[in-house]
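# Residue-level structure breakdown
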Amino acid sequence: SQQGEEDPQALSIQEGENATMNCSYKTSINNLQWYRQNSGRGLVHLILIRSNEREKHSGRLRVTLDTSKKSSSLLITASRAADTASYFCATAGGTSYGKLTFGQGTILTVHP
Amino acid sequence: GAVVSQHPSRVICKSGTSVKIECRSLDFQATTMFWYRQFPKQSLMLMATSNEGSKATYEQGVEKDKFLINHASLTLSTLTVTSAHPEDSSFYICSARDTRGGAYTQYFGPGTRLTVL
């Protein structure tokens, strides 16, 4: 079964706006990762946050992790049309290190 | 970042035939590779973990005789869909775990779209 649940399932915004996606999970984790997938393509690794970290930045990306609530958020600031893609969170658990369990994903559409 | 390739990118085959998909790590060695399948507008589902030099570990519900995995070298894993049927049509994605420098990042291939007629 899928560990992660993401919301919203779909998000439509204008260029320049910020996009926030949320991910919840059920079991303990070693780390949580965010990936991007353009339509019909492979996944691109965006950012990894470890279970002992609360916030991480990479360029226009900001990821938070709240292990008490078993949730994470991905914020994309000043979005661009090229950010249009599906975004997935994936968790790596303690007893199966390396195996990733993916959330259902958020389809982001950024209108120019 | 590390590069993972898949071949072929697309394959169309007749029902009953077998199809082999290759996954290669191009600039690093990967003792562990993973195979996923993805249906349209859905998430990735892990099928199996491929370990170099040993048998693959399959997720619950995945038929190991149907999806044969061979990880013969540190840079190559293959997935063979045997006696393919239309319900096997899907997007198959592999990933390779890069453990250089103590990191455990997975790098994903571009995927293979399988269509079984």
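Residues numbered from 1 in each chain as written. Chains lettered and ligands numbered in written order. Predicted model: local features only at pLDDT ≥ 70, side-chain atom pairs only at ≥ 80, totals over all residues. Heavy atoms only, no water.

### Considering the overall build of chain B
Along the backbone of chain B there are zero helices and 11 strands. For chain B, the sequential pattern of α-helices and β-strands runs β-β-β-β-β-β-β-β-β-β-β. Relative to its length of 117 residues, chain B is compact, with a C-alpha radius of gyration of 14 Å against a globular reference of 13 Å. Once the C-alpha set of chain B is aligned to its principal axes, its extents read approximately 45 × 25 × 20 Å. Burial status across chain B gives 49% buried among its 117 residues. In chain B, once contacts between residues fewer than 6 apart in sequence are set aside, the share between residues at least 24 apart is 55%. As presented, chain B carries roughly 5800 Å² of accessible surface, and 51% of it is formed by carbon and sulfur atoms. Separation of charge centres in chain B, based on 12 positive and 9 negative side chains, amounts to 5 Å. (Helix = DSSP H or I, 4+ residues; strand = E, 2+ residues; numbered from the N terminus. Rg over C-alpha atoms; globule rule 2.2 N^0.38 Å. Buried < 20%, exposed > 50% of the residue type's maximum accessible area, 1.4 Å probe, protein only. Contact = heavy atoms within 4.5 Å. Areas by Shrake-Rupley, 256 points an atom, 1.4 Å probe, with all protein chains shown as cover. Lys, Arg positive; Asp, Glu negative; His and termini not counted. Charge placed at Lys NZ, Arg CZ, Asp CG, Glu CD.)

### A few points about the sheet that holds strand E8 (residues 76-81) of chain B
All names here are of chain B. On the basis of which strands lie adjacent, the open sheet formed by four strands has the order E1-E3-E8-E7 and antiparallel pairing. Edge positions in the sheet fall to strand E1 (4-7) and strand E7 (67-73), since each of these pairs with one other strand and no more. Strand after strand, the sheet turns through a mean of 15° between neighbouring axes, direction not considered. As paired elements, strand E3 (residues 19-25) and E8 share six bridges and run antiparallel to each other. Among the inter-strand pairings, isoleucine 21 is bridged to a residue of E8, identified as leucine 79. (Pairing = 2+ DSSP bridges. Axes fitted to C-alpha atoms, helices over the stretch in contact; angles between N-to-C directions.)

### Focus on the sheet that holds strand E1 (residues 5-7) of chain A
Residues and elements named next belong to chain A. Taken together, the five strands give an open sheet; going across it, the order is E1-E3-E8-E7-E6, and neighbouring strands pair in antiparallel fashion. Every other strand in the sheet has two partners, leaving E1 and strand E6 (55-58) as the edge strands with one partner each. Mean inter-strand twist for the sheet, computed between neighbouring axes without regard to direction, equals 15°. Inspection of the sheet shows E6 paired to strand E7 (residues 61-66) by four bridges, in the antiparallel sense. Opposite serine 58, over in E7, you have leucine 61 as the bridge partner.

### Some thoughts on the state of the cysteines
Under the counting rule described, the total for this entry stands at two disulfides over all chains. Covalently, Cys23(A) is tied to Cys89(A) through a disulfide, its sulfur atoms 2.0 Å apart. Looking down the S-S bond of the Cys23(A) and Cys89(A) bridge, the torsion is 65°, so its handedness is right-handed. One end of the pair, Cys23(A), is in strand E3 (residues 19-24); the other, Cys89(A), is in strand E9 (residues 85-93), and 66 residues separate them in sequence. You'll find Cys23(A) and Cys89(A) in the same group, each marked buried. One disulfide in the model links Cys23(B) with Cys94(B); its S-S distance is 2.0 Å. Between Cys23(B) and Cys94(B) the sulfur-sulfur dihedral comes to about 80°; the bridge is accordingly right-handed. (Disulfide = S-S within 2.5 Å.)

### Digging into the confidence of the model for chain B
In this model, chain B carries an average pLDDT of 92, and 96% of its residues clear a pLDDT of 70 or more. Within chain B, strand E11 (residues 112-116) of chain B carries the highest mean pLDDT (97), whereas strand E10 (residues 105-108) of chain B carries the lowest (85). (pLDDT = per-residue confidence, 0-100.)

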